[in-house]
Amino acid sequence: MAQRLLLRRFLTSIISGKPFQSRWAPLASRTLQTTQYSPGYLAGTPSQARSIYTTRVCSTTFNIQDGPDFQDRVVNSETPVVVDFHAQWCGPCKILGPRLEKVVAKQHGKVVMAKVDIDDHTDLALEYEVSAVPTVLAMKNGDVVDKFVGIKDEDQLEAFLKKLIG
């Protein structure tokens, strides 16, 4: 416990630039040398120590939160929408979901994908007559123009999207 406190005080002094005043200072600097850390490495600059890396957010795929969200983002959408009705417990859904996301991402915004969990949104599943999962609907201008149930390979998914887009 005392060693942690000593180390914390020593490291704080290095980062703040204030000299470390303690009767244990020689011991602490010896320990630092034996573990091969240099004060420059520990201090660094605050921007290096606190770098935040961000990734680009995929705007072509989104999860539906509720009925009004579905109405706003899917039915009222100007771009064609692929709606993936899935469930957490569904094995085929776990295979189809990433495959479908990959194919939709290749379209560069010509089509977007909405994901609907049927356990959370049974009303939407009933309204769109989803009797099995995975069920994928293709919607354009608020109307269902195509539909399939089950797993498809990437070539079949690309053909499905091309039919929807143009």
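Residues numbered from 1 in each chain as written. Predicted model: local features only at pLDDT ≥ 70, side-chain atom pairs only at ≥ 80, totals over all residues. Heavy atoms only, no water.

- The protein carries the name Thioredoxin, mitochondrial in an unreviewed UniProt entry, which gives Muntiacus reevesi as its organism.
- Entered under Sequence similarities (unreviewed entry) in the UniProt record, the comment concerning the protein runs "Belongs to the thioredoxin family." (UniProt positions renumbered as here; feature names shortened; annotations may be inferred.)

**Notes on the confidence of the model for the protein**
Interpretation of the predicted coordinates at a detailed level should be avoided for regions scoring low in pLDDT.
Right, on to step 1. Per-residue pLDDT for the protein averages 81, and the proportion of residues at 70 or more is 67%.
Right, on to step 2. Per-element averaging of pLDDT across the protein places helix H2 (residues 25–34) at the bottom with 46 and strand E2 (residues 81–86) at the top with 98.
Right, on to step 3. Here residues 23–38 scores under 50 on pLDDT; set against residues more than four positions off or in separate chains, the count is eight contacts.
Right, on to step 4. Below pLDDT 50 for its whole length, residues 43–49 participates in two contacts with residues either more than four positions away or in separate chains. (pLDDT = per-residue confidence, 0-100. Helix = DSSP H or I, 4+ residues; strand = E, 2+ residues; numbered from the N terminus. Contact = heavy atoms within 4.5 Å.)

**A short note on the sheet that holds strand E4 (residues 135–140)**
Right, on to step 1. Across the sheet, which stays open at both edges, the five strands sit in the order E1-E3-E2-E4-E5 with mixed pairing between neighbours. At either margin of the open sheet sits one strand with a lone partner, and together these are strand E1 (61–63) and strand E5 (143–149). Between one strand and the next, the sheet's axes are offset by a mean angle of 20°, whatever the strand orientation.
Right, on to step 2. In the sheet, E2 pairs with E4 via five bridges, with the strands oriented antiparallel. When the sheet's bridge partners are listed, aspartate 84 is paired in E4 with valine 136. (Pairing = 2+ DSSP bridges. Axes fitted to C-alpha atoms, helices over the stretch in contact; angles between N-to-C directions.)

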